[in-house]
Structure formats: C-alpha cells, structure tokens
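Observations on the model geometry
This is what each chain is made of:
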Amino acid sequence: MRTGGQTKESAVAHEYLDAAATAPLRAEARAAMLAVFDAGAANPSSVHAPGNRAKRSLEESRFRIAAAFNARPADLVLTSGGTEANNLAIIGLALATPRGRHLVTTPIEHPSVLESCRYLERVFGFELTLLPVNFDGRVDPADAAAALRPDTTLISVGLANAEVGTVQPLPEIAAHAASLGVLVHTDAVQAASSLPLSFAGESWPGPDIHAMTVASHKFGGPQGMGALFVRRHLPLEAILHGGGQEGGARSGTENVAGAAGFAAAVSATCTGVGTRALELIRSRDALIDRVLAEVPGSRLTGHRSERLPGHASFVVAGVSGESLLIALDATGIAVSSGSACAAGMDGPSPALLAMGVDPALAQTAIRFTFAEALSEEAVERIVRALRSEVQAARR
Ligand SMILES: Cc1ncc(COP(=O)(O)O)c(C=O)c1O
C-alpha cells in the first residue's frame, strides 16, 4: 500500500504501515464528507429545510454504522472519537448503575479506558482491579471470573490490543460476567476494522457485550469521530451536558460531515471484511515469518495466531524502537515504535511491561500495521530495510 506524494512536504512516497494509529482516508469517506460540505452547512436541530436535510444525513449515517455491526440505530451514540466513547461507557455506565463501586479492567488497555477507571477511583471512591495478562497479552477467563464481586459494576476488556495485536477470549469473559449481572464493555477500536463483529444476536463477540467502542479513523474515516454502541435499555449518565443531543447521552451539535465520512468508511471496510481478513493474515504471516528468520535478535510480541489480521509487532534486542522508526522513515517506511495513543510518552510501554517483557527489551518495540494486504514486493522491501537498519544500528 502506497500513499503520499500529495503535498510538497511529503516528497517521499511512503509505504504506510501505521494503520493502527490512523488508517489511510478512504475515497468513499472523502467523497461523502465533500457531499455534505457542498450541500451547505446546517444544524440538524434546526427546523427549516436545510436543517432537516442535515438531520436526514445524520440519521442515514447512524443507520449505516449500526447496520454494519448488526445493531439498532438507537443503540448508537456518536462521539468525538474512541477516547470519548470509552469515557462515556465507563464513567456513564458506572455512575448510572447502583450495583456497586468495583471495576475490573486490564493493565494493557488504552489510556482512555484506564484513566476513566482511575478518575472514578479518585473522584467517586470506586475500587479498581487490574487483571493479569500472560506473556502474549491474553487474559485468562478464569482470572476474570475470580475478580468479579457482588459489588462489581463493570468489566472492560479491549477486544484487541493496539500495541501487540492480541485478541482476547472476550465471549467467555463476557458470558460469565453477564450471568452475574455485571456490565461488560469492550474497546473494539482496533478490532472493528479488520474482524467481522456483531453487536446483536449470537454472533461474535457475543450477545453479552453491553457496550462497545469504535473509532472512525481506524476504518479510513475522518479523525475526531467515533461511536459507543450501548444497549438502550441501560441507564447511562452523560458526561457532556448541554442541549441534549444524541438522546441526552451526548450534548453538542453533531458533526454531520464527520458522521457521513465515518459511515462511508465503515460500510466500505465492513463489506467483505472476512475475505479481506484472510488476505491480511496471509501477508501478516509472511512478514512475521521473514522478520523472525532474517532479522537477528527479533522476537514477535503478542499472540502468534490470536492476533489482528493486519498487525505484526516485534522487539529487536539491542536496537531502540524509536531510532529504528526514524531510520525506516528516512527510507520511506512509516511504522510505529509501539502505540501512538499516548502523545509524547517516554519510557517502555506499560502494556509490554505488564506482559512481562523486560524493560530494556520493551524499549525496542516496533509495530507494522496495515489496512490492505501487503504485496510480496512490499514484504521484501520492508524486511530488507529492517534488516539493513538493524545491522546499521548494531554497528
Ligand atoms: C484501542 C484504542 N482505544 C481507543 C483509542 C482512542 O481513539 P481516538 O483516537 O479516536 O480517540 C485508540 C486510538 O488509537 C485505540 O487504539
């Protein structure tokens, strides 16, 4: 997959391998947003014809996003992104549910999950249990079951981890929690764009999920848009107060163009997602096998098979991930040294440390993520560049 060359600054056509941070904007999303802009701005709450048009566009977007995940439009709260949706799920559900003041999550969640839990601890006196994860970043469902108490309100386990791509045994964890009356939230921001997911019926990740977060820019939609799927019979305390939009769950004038871009990207991505996943897996596995065989000192992070289709992440003993990222960038390959979610974060990744990776080794993390399958030539170029930059760094 090649992008770039669109501005004077991006003279190098980059092999873009950082889709887990932000996937390339889809043509369908761009076209849908331009159509809304061209139709003229109006507030969907206004009662005149342009306002009605904006409202219709918004509701059509909601319908398309819900349909892609087998959900009802009424189950969807549109937000400013995954971060807000995670805050709303955790704070909103925990404060509205009288069951108790105990929360369960994992130490490898996105900061928007962990910090929302810590906010509830600090300000509202909740207790937080962090589940252990193994070396692959997997939660043992037995540990999750053992952590639940009569006063547990909510368990939040991310469907797939951004840094190492590991997919969790969520249906098992959720079924037990739901049987005890504990609410289950999953941050599906990373999983939703490459795995077939359903928020309804019996299909994966299962009927026991009460709330699920997704983010537009992981599908090739615009940044600053996301959604929380939350079963509408559940009480939810708003965290943004004002004009009562989104059924009172999220005040603020809606981002009509953003929602149209989000919906177009979701529809395009989720059509044929299963077939695309198989293609991604084939190129992911080719990349992993070749890196492990040809880059001395490299080791895969995360689970070998229970991982996101377009995600290959490694540690490379003795070579700083940050300097490897910069060296690869200079050769026209855009990667990440871990997760781009914590801006300016220094030091080894807390998620890798929680998985038991040695702190020095954790500083060598490097991540390749892609939204479309890699060609054989692309894999060849990436492996050759990585091998040569690792050799150069060691010299
Ligand atoms: C797993 C996960 N959750 C939440 C987020 C936050 O989403 P957003 O960037 O839309 O706020 C990210 C962003 O990368 C993520 O990877």
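Residues numbered from 1 in each chain as written. Predicted model: local features only at pLDDT ≥ 70, side-chain atom pairs only at ≥ 80, totals over all residues. Heavy atoms only, no water.

**Details of the site of the ligand**
Quick note on the threshold: Proximity criterion: a residue is near a molecule or strand once any of its heavy atoms comes within 4 Å of it. Residues adjacent in sequence count toward polar contacts only when both atoms are side-chain atoms; beyond that, a polar contact is any pair of N or O atoms within 3.5 Å, and within protein one must be able to donate a hydrogen and the other to accept it. Surface exposure here means Shrake-Rupley accessible area, sampled with a 1.4 Å probe, where a residue is shielded only by the protein chains that are shown. Helix and strand definitions follow DSSP, with helices as H or I runs of at least four residues and strands as E runs of at least two, each counted in order from the N terminus. Under the scheme applied here, ten amino acids are nonpolar (Ala, Val, Leu, Ile, Met, Phe, Trp, Tyr, Cys and Pro), four are charged (Asp, Glu, Lys and Arg), and all others, including Gly, are polar.
By nearness alone, 13 residues border the ligand, and Gly82, Thr83, Asp187, Gln190 and Lys218 come closest of all. Asp187 is positioned with one of its side-chain polar atoms (N or O) 2.6 Å from a nitrogen atom of the ligand. Between the ligand and His217, the relevant distance is 3.0 Å, taken from an oxygen atom to a side-chain nitrogen or oxygen of the residue. When the ligand sits alone it has 390 Å² of accessible area, and the protein chains cover 87% of it. In terms of residue count, the dominant contributor to the shell around the ligand is helix α3 (residues 82-96) (three residues). The residue makeup of the shell around the ligand, split by class, is four nonpolar, seven polar and two charged.

**With respect to the domain arrangement of the protein**
Rules: Here the bounds of each domain stem from an automatic or database domain assignment. Only heavy atoms enter the contact rule, under which two residues are in contact if any of them lie within 4.5 Å. What gets called buried area is simply the loss in accessible area from a 1.4 Å probe that two parts show on being joined, summed for both.
Taken domain by domain, the protein comprises domain 1 (2-17 + 272-394) and domain 2 (27-270). Taking the mean C-alpha position of each, domain 1 and domain 2 sit 27 Å from one another. At the interface, 28 residues of domain 1 touch 26 residues of domain 2. Around 2200 Å² of area is buried between domain 1 and domain 2 when both sides are counted, 62% of it from carbon and sulfur atoms.

**Brief notes about helix α9 (residues 321-330)**
In an α-helix, one full turn covers 3.6 residues, which means residues spaced three or four apart are oriented alike. Put simply, the test is: For every residue, the accessible area (1.4 Å probe, protein chains only) is compared with the maximum for its type, and the residue is labelled buried under 20%, exposed over 50%, or partly exposed between those bounds. The reported arc concerns the directions from the helix axis to the C-beta atoms and nothing else.
The set of residues buried in α9 consists of Gly321, Leu324, Leu325 and Leu328. The buried residues of α9 occupy one face: seen down the axis, they fall within an arc of 105°. The outward face of α9, more than 90 degrees from its buried face, is lined by the exposed residues Ile326 and Ala330. Considering only its buried residues, α9 is in contact with β11 (311-316), β12 (333-334), β13 (365-369) and α12 (376-394). Where α9 begins, one side-chain oxygen reaches toward the backbone nitrogen of Glu322, 3.3 Å away; that side chain belongs to Ser320.

**Remarks on the environment of Asp75**
Along the chain, Asp75 falls in the loop between α2 (49-68) and β3 (76-79). Considered as a pair, Asp75 and Ala227 are 152 residues apart in the sequence and their alpha carbons are 9.8 Å apart. In this structure Asp75 touches Phe199, Leu228, Phe229, Val230, Arg231 and Arg232, once residues within four positions along its chain are discounted.

**Quick word on the nonpolar core**
Operational definition: Nonpolar core, defined: a set of buried Ala, Val, Leu, Ile, Met, Phe, Trp, Tyr and Cys residues in which side-chain atoms within 4.5 Å join the residues together.
Among the nonpolar cores identified, the biggest contains 56 residues, and Phe69, Leu78, Ile155, Met212, Phe219, Phe229 and Phe262 are the most heavily contacted of them. It is helix α7 (residues 256-270) that provides the largest number of residues to this core, a total of six residues. Residues from two domains meet in this core; each of domain 1 (2-17 + 272-394) and domain 2 (27-270) gives at least three. Among all residues touching Phe69, those that are not within four sequence positions of it are Ala192, Leu197, Ser198, Phe199, Ala200, Met212, Phe219, Phe229, Val266 and Cys270.

**Overview of the pattern of salt bridges**
Using the following cut-off: Should a side-chain nitrogen of Lys or Arg be within 4 Å of a carboxyl oxygen of Asp or Glu, the pair is scored as a salt bridge.
Counting across every chain of the model gives 19 salt bridges. Across the pair Asp75 and Arg72 runs a salt bridge whose closest N-O atoms are separated by 2.9 Å. For Asp75, a relative accessible area of 4% translates into the label buried. Put simply, Glu380 and Arg290 hold a salt bridge, and the shortest N to O gap is 2.7 Å. You can see Glu380 sitting in helix α12 and its partner Arg290 sitting in helix α8 (residues 273-294), a full 90 residues away along the chain.

**With respect to the packing of helix α1 (residues 27-39) against α7**
Defined as follows: Axis lines are fitted through C-alpha atoms, for helices just across the contact stretch, and the angle between N-to-C directions can take any value from 0 to 180 degrees. Relative orientations are named as follows: roughly parallel for angles under 35 degrees, roughly antiparallel for angles over 145 degrees, roughly perpendicular for angles from 65 to 115 degrees, and oblique for any other angle. Note on convention: the crossing is left-handed when the near helix lies turned anticlockwise from the far helix by less than a right angle, right-handed when the turn is clockwise.
Remark: α1 packs on α7, axes separated minimally by 7 Å, with the N-to-C direction vectors making an angle of 155°. What the angle tells us is that α1 and α7 run roughly antiparallel. Along this stretch, α1 crosses α7, giving a crossing that reads as right-handed. Only Val256, Ala257, Ala260, Gly261, Ala264, Ala265 and Ala268 of α7 make contact with α1, whose side of the interface consists of Glu28, Ala29, Ala32, Met33, Val36 and Phe37.

**A few points about the side chain of Ser216**
With respect to the element layout, Ser216 can be found in the loop between β8 (211-215) and β9 (226-230). A relative accessible area of 0% means that Ser216 is categorised as buried. A polar atom in the side chain of Ser216 sits 2.6 Å from the backbone oxygen of Pro222. When residues no more than four places from it in sequence are discounted, the contact partners of Ser216 are Gly221, Pro222, Met225, Gly226 and Phe262.

**Comments concerning empty space enclosed by the protein**
Here is the rule: Think of a 1 Å grid over just the protein atoms. A cavity is a set of points where a 1.4 Å probe fits yet cannot get out, a pocket is an open set with protein on both sides within 12 Å along at least five of seven lines, and lining residues have an atom within 4 Å of a point. Grid points are joined across faces, edges and corners, and a volume is the space filled by probe spheres set on the points.
Going through the model one piece at a time under the given rule, you end up with two cavities of 30 Å³ or more. Taken as a whole, the second largest cavity encloses approximately 30 Å³ of empty space. As for the second largest cavity, its lining consists of Phe135, Arg299, Leu300, Thr301, Gly302, Val315 and Val357. Of the residues in the lining of the second largest cavity, the class split is four nonpolar, two polar and one charged.

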